[in-house]
Amino acid sequence: MSLAEQISRWMSLRAPQRAAVGRLDAIVESVEFKNTTLESVSRVAVEKCTVEKMEFDTEFPSFCFALATGVGKTRLMGACIYNLWKTRGYRNFFILAPGSTIYEKLRAELQPPHPKYIFNGLSDFPRPEVWDGDNYLRFDRDRSLFDQDRHANVFIFNIGKIFSAMEKDEAGRPQFKFHRFNETLGDSFANILRQMDDLVVLMDESHRYRAPASLKAVNNLKPILGLEFTATPKFLGNVLYSFSLGEAVGRFVKSPRVVTRTNLTAADQQKIDDLKLKDGIYLHEQIKARLVEFCDANHLPKVKPFILVSTKDTTHAKEVRQYLESNDFHGGMYRGKVIEIHSKPASKEESDENVARLLEVESPSSSVEIVVHVTMLKEGWDVTNLYTIVPLRASVSEILTEQTIGRGLRLPFPLTESQVEQLNREDPDILRLSIVSHDKYEEILAAKNLRAEIFRDPVRDLSKEIPEPLKAVEVPTLFSQETTTVLEGIARKGEVLSTTELLYGDRRQKLIDQILAQSQELAAARAASAAAAGHPAAAAQAGLFPSAEERAVPVDAEKVTRELRQRIENEIDALKYQIDVPEIHTYVDPKIGFAPFKPAPSGDFALVEQRMRSADLLSGQQETGDVLELEEIDRPISYLAACLLDEVDEFDGAEDKDRLLQMAGDYLEATGKKDEELRKLVHQYARVMAKDLAGQVRNHLLDETEVRHNIRAGFIIFRPFSKSIRQVDGEVDLRVPPDQKSNIRRFLFGGIQKSVINRTGFDSDTERRFAVALEDDRDVLKWIRPPLGQTPISYRGGDYNPDFIVETETNRILIEIKAQDELTTEEVKGKAKAAIEWCRVATENQGGKPWSYFLIPEDSVSETNTLAFMKGQAVKF
């Protein structure tokens, strides 16, 4: 295994990071940068890394890693430092950051306690000495440059620190602290760095250093090697490895999409800008509603999205902010929800306040929904909840546009590559970044070869879409909050085994009394809370304090109670549509067991003589010397057990100590050799013996993973759930096909008669038609489309919710509907296996009607088919 492969494994690098460090490693193995030429390095790079050519615009060899934003450039930086330290023994690394934001970020991530410590996983890499713009005057040149310890020095400066002016010389030229003689150091710090014969410069966001002054400053440090990290290289000749946005989309970052309107008639720039802002708000409100629904269904922390509006200058930024907060823009709906950020605040205090407010934007509790900026928000501002970008300025350069887009690429949740791919298949809106286009955007994207293929919707035409934005609604069940709370308590306590027991006689009357008491307690609590908050009117509405008008009219308490009881009676009657789905929690305890066996060598181990052999370095001629005395292992059983532990990952040194020793002892005993000979045999054959024994162990491994099921309650009471639907005409009848079947998730369907949730949503029109068939089937007593997260069935991929739960006169059924090409996937089969096991446990523990599971192909579904007919076409397991 190469060093690059080891680094990748230790640091858990992503595929593009692994490829990048692999290319560097191939060159480092062949080149000593202390005494080479640019031509030699270029030639090796072409030979080793399959690049067509390698050119440098610096006075030293410098390789660029062009990785898309969000892929992990900082982590790669740590891997490269370790590679050079490990392979070549280089100890001095100078990290150059383009501004204070990245500078502070990198300083923090160079400290081991930081969760994003850039050397995480490299256990043999001593903690480096970190020197920055604030502590470099304490640098001990003699100790750090000439001692022989292996600790690395990491110097981190931003370009502002290097050019920080101290005063002017007699000719009026600025004298910089970094370059000026310092009595404490005995030299200028720049000159100290130039004396290092192993200085490596690492340039974060390296496209920022191509201006003549910056490039000159870097060249003057006289490094032996440069490593550059950027998503958008300005100089392309030295790119050693690239991983474009097109490759990252759908795997490591959000999918960016360009949004525009066709047939625009407005020629006035102001009107075009107004239209962009309105389109941006439309997209923002859509994704805001969707995220509420998604996070609620998947029990994830709330993600509150925001819009980034870029402007042409500070005056423009102020005008835009004032407009967004005015009554002229959505009736003042965003007043107090807009912040203005730019690179030239009036004071340092204002700059600090800007940074603080930016940091708050990612918090769900932040009131900010729109950030208006000029040029401050380029690299280094890492947020995950930016979903909409509205550029109102002409793009000054390709770099700035790309970097601005990069602010919105990071994922809102910690997801693996496979999870990103799955979410992009199942719910792509959650991982999309929308960019409202202006007149130069297509030109810029084309110049970066971000072709239409990398976007899910290459150019989205808003003029053909539904004009109304989405809205988030809460979908109730047939039960009030009070009834739901009481029923959940009854289920958890096991007071009854079935909700049917609650429908009649004394148990029904007791339930009514319990719900009535709960209603009164809740009303009193609400009123007290309102009164304590200084809202007597609200308290009066809650029933605690009557209003003046109410005090003049006698209250018919008996009538109020009768009406409340009648409402409760109606809710209890609705229990006839309740399917008693047991609340089953599954606990998986993975364990590996071993079937008993008698270890024995697969072959005969015999002692052989050992001689010295040597080879002449010049001629390569070999010669063999005299016989040597054989070495021995003092404790052969313990030694063989230790070797076996290294060979079998399933063994734990502490827990399996006795087992390892027993196996090693039995194995050696089976050789039939005496102790003295065994000590020599183990010395000669320990690794061969360990591999032989490990093979026998693996043949007798048993999967003893324990799966336990706990019935926490005899039945689940379904709760209200969140759903984002069209603002206009978002609620339709179940039997009316939607006008846009591709957008069926944006509708809420009502008119349901056989369910405790009489309005629901669907992921496909096939599911809607299946629901119609259930409503019309005389054999179907009741059914429900369970809200996401409320009937989780544990399987190897996480939690699984079936599409439908149905009850007939004789059975209770879990149903999944899938397209023909999905029926045999591993994911679907895994879910089916878990659902079948769930049905077994439910049937054995609940009693009554048995549970079963059916996977029904989409092409079997029709509104005119009965459930029995569709079940007959289900996939057999």
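Owing to the predicted nature of the structure, the values given are computational and were not obtained by experimental measurement.

The rules behind these values
- Residues numbered from 1 in each chain as written.
- Predicted model: local features only at pLDDT ≥ 70, side-chain atom pairs only at ≥ 80, totals over all residues.
- Heavy atoms only, no water.
- Helix = DSSP H or I, 4+ residues; strand = E, 2+ residues; numbered from the N terminus.
- Areas by Shrake-Rupley, 256 points an atom, 1.4 Å probe, with all protein chains shown as cover.
- Phe/Tyr/Trp six-rings, centres within 6.5 Å; stacked < 30°, edge-to-face > 60°.
- Buried < 20%, exposed > 50% of the residue type's maximum accessible area, 1.4 Å probe, protein only.
- Lys NZ or Arg CZ within 6 Å of the ring centre and 35° of its normal.
- Pairing = 2+ DSSP bridges.
- Axes fitted to C-alpha atoms, helices over the stretch in contact; angles between N-to-C directions.
- Contact = heavy atoms within 4.5 Å.
- Parallel < 35°, antiparallel > 145°, perpendicular 65-115°, else oblique.
- Left-handed = near helix turned anticlockwise from the far one by under 90°.
- Nonpolar A, V, L, I, M, F, W, Y, C, P; charged D, E, K, R; others polar.
- Core = buried A, V, L, I, M, F, W, Y, C linked by side-chain atoms within 4.5 Å.
- Salt bridge = Lys/Arg side-chain N within 4 Å of Asp/Glu carboxyl O.
- Arc of directions from axis to C-beta.

### Some details on the overall build of the protein chain
Counting its secondary structure elements, the protein chain contains 27 helices and 32 strands. Working note: accessible area of the protein chain is about 43,000 Å², and carbon and sulfur atoms make up 48% of it.

### Digging into the packing of aromatic side chains
Throughout the structure, instances matching the rule amount to 27 aromatic pairs. Each ring, one from W85 and one from F125, has its centre 4.9 Å from the other, and the planes form 85°; the classification is edge-to-face. Linking W85 in helix α4 (residues 73–88) with F125 in the loop between α5 (100–109) and β3 (129–132), this pair joins segments that are 40 residues apart in sequence. In this structure F125 comes out as buried when scored by relative accessible area, which is 6%. Put simply, the rings of W10, Y82, W85, Y117, F119 and F125 touch in pairs and so form one group of aromatic residues. Lying over the aromatic face of Y387, K254 brings its terminal NZ or CZ to 4.7 Å of the ring centre.

### Points about the sheet that holds strand β27 (residues 780–784)
Strand order in the open sheet made by the four strands is β27-β30-β31-β32, with mixed pairing throughout. Looking at strand neighbours, the two that pair on one side only are β27 and β32 (851–857), the edges of this open sheet. Ignoring strand direction, the axes of neighbouring strands in this sheet form an average angle of 25°. In this structure, strand β31 (residues 812–818) lies alongside β32, joined through seven bridges in parallel fashion. Bridge pairing links I817 to I856 in β32. In this fold helix α25 (residues 765–776) packs onto β27, β30 (804–808), β31 and β32, with an angle of close to 15° to the strand it touches most, β30. Contacting β31 and β32, helix α26 (residues 826–846) crosses the sheet at an angle of about 155° to β32.

### A word on the packing of helix α2 (residues 15–28) against helix α3 (residues 38–49)
A pair of packed helices is characterised by two quantities: the angle between their axes and the separation of those axes. Relative to each other, α2 and α3 sit at 125°, their axes nearing to 9 Å. On the basis of the axis angle, α2 is oblique to α3. Like other packed secondary-structure pairs, α2 and α3 cross with a definite hand, here right-handed. Where α2 approaches α3, its residues R23, A26 and I27 are matched on the opposing element by V44, A45, K48 and C49. Of the residues that constitute the contact of α2 with α3, the class distribution is five nonpolar, no polar and two charged.

### Structural notes on the packing of helix α22 (residues 636–647) against helix α23 (residues 657–669)
Running from N to C, α22 and α23 cross one another at 115°; their axes reach a closest spacing of 8 Å. As for the relative orientation of α22 and α23, their crossing is right-handed in sense. Together, P636, I637, S638, L640, A641, L644 and L645 of α22 and L660, L661, M663, A664, G665, Y667 and L668 of α23 make up the contact between the two elements.

### Here's the deal with the nonpolar core
Proteins that are soluble and globular tend to have nonpolar side chains buried together. Grouped together as the largest cluster of nonpolar side chains are 76 residues, with contacts concentrated most on F33, F63, F65 and L227. Tallying contributions element by element places α4 first for this core, with eight residues. When residues no more than four places from it in sequence are discounted, the contact partners of F33 are I27, V28, V41, P61, F63, Y90, I224 and L225. Membership of the second largest hydrophobic core comes to 50 residues, among which are L575, I716, F721 and Y853.

### So, the side chain of E816
Locating E816 in the fold gives a position in strand β31. Excluding residues within four positions of it along the chain, E816 makes contact with Y800, N801, P802, D803, Y853, F854, L855 and I856.

### Observations concerning the pattern of salt bridges
Where side chains of opposite charge bring their charged atoms close, a pairing between them can arise. A complete count under the given rule lists 49 salt bridges for this structure. The residue R210 makes a salt bridge to E228 at a minimum N-O spacing of 3.0 Å. With R210 in the loop between β7 (199–204) and α9 (212–219) and E228 in strand β8 (residues 225–230), this pair connects stretches of sequence that are 18 residues apart. Exposure class is identical for R210 and E228. Each is buried. Note that E816 and K818 form a salt bridge whose closest N and O atoms lie 3.6 Å from each other.

### Things to note about unusual backbone geometry
Of note in the backbone geometry, S12 takes a positive phi value of approximately 55° without being a glycine. With respect to the helices and strands, the residue S12 is situated in the loop between α1 (3–11) and α2. The exposed category is assigned to S12, whose relative accessible area is 61%. A positive phi angle, near 50°, is found at H330, a position not held by glycine. Mapped onto the secondary structure, H330 falls in the loop between α12 (314–324) and β12 (338–341).

### Some points on α1
Burial in α1 covers these residues: L3, A4, I7, S8 and M11. Buried residues of α1, seen end-on, are gathered within an arc of 140° and therefore sit on one face of the element. Summarising the contacts, the buried residues of α1 are in contact with α2 and α4. Downstream of α1 by a residue or two, S12 has a phi angle that is positive, lying close to 55°.

### Describing the sheet that holds β3
Spatially, seven strands are ordered β3-β4-β2-β7-β8-β1-β9 in an open sheet, and the strand pairing comes out parallel. In this open sheet, the two strands that pair with only one neighbour each are β3 and β9 (239–243). Strand-to-strand twist across the sheet, computed as the mean angle between neighbouring axes with direction ignored, equals 15°. Of the strand pairs in this sheet, β3 and strand β4 (residues 153–158) are connected by four bridges, and their pairing is parallel. Each residue of the ladder has a partner; that of E129, found in β4, is N153. Contacts from α2 reach β1 (62–67), β8 and β9 within the one sheet, and its direction differs from that of β9 by about 170°. On the sheet, α4 packs against β1, β2 (92–97), β7 and β8 and is oriented at approximately 165° with respect to β8.

### Structural notes on the pairing of β12
Each regular strand shows side chains that alternate between the opposite faces of the sheet. Neither face of β12 is open: one carries V338 and E340, the other I339 and I341, and all of them are buried. Here four bridges tie β12 to strand β13 (residues 370–373), and the two strands are oriented parallel to one another. Bridging across to β13, I341 finds its partner in H373.

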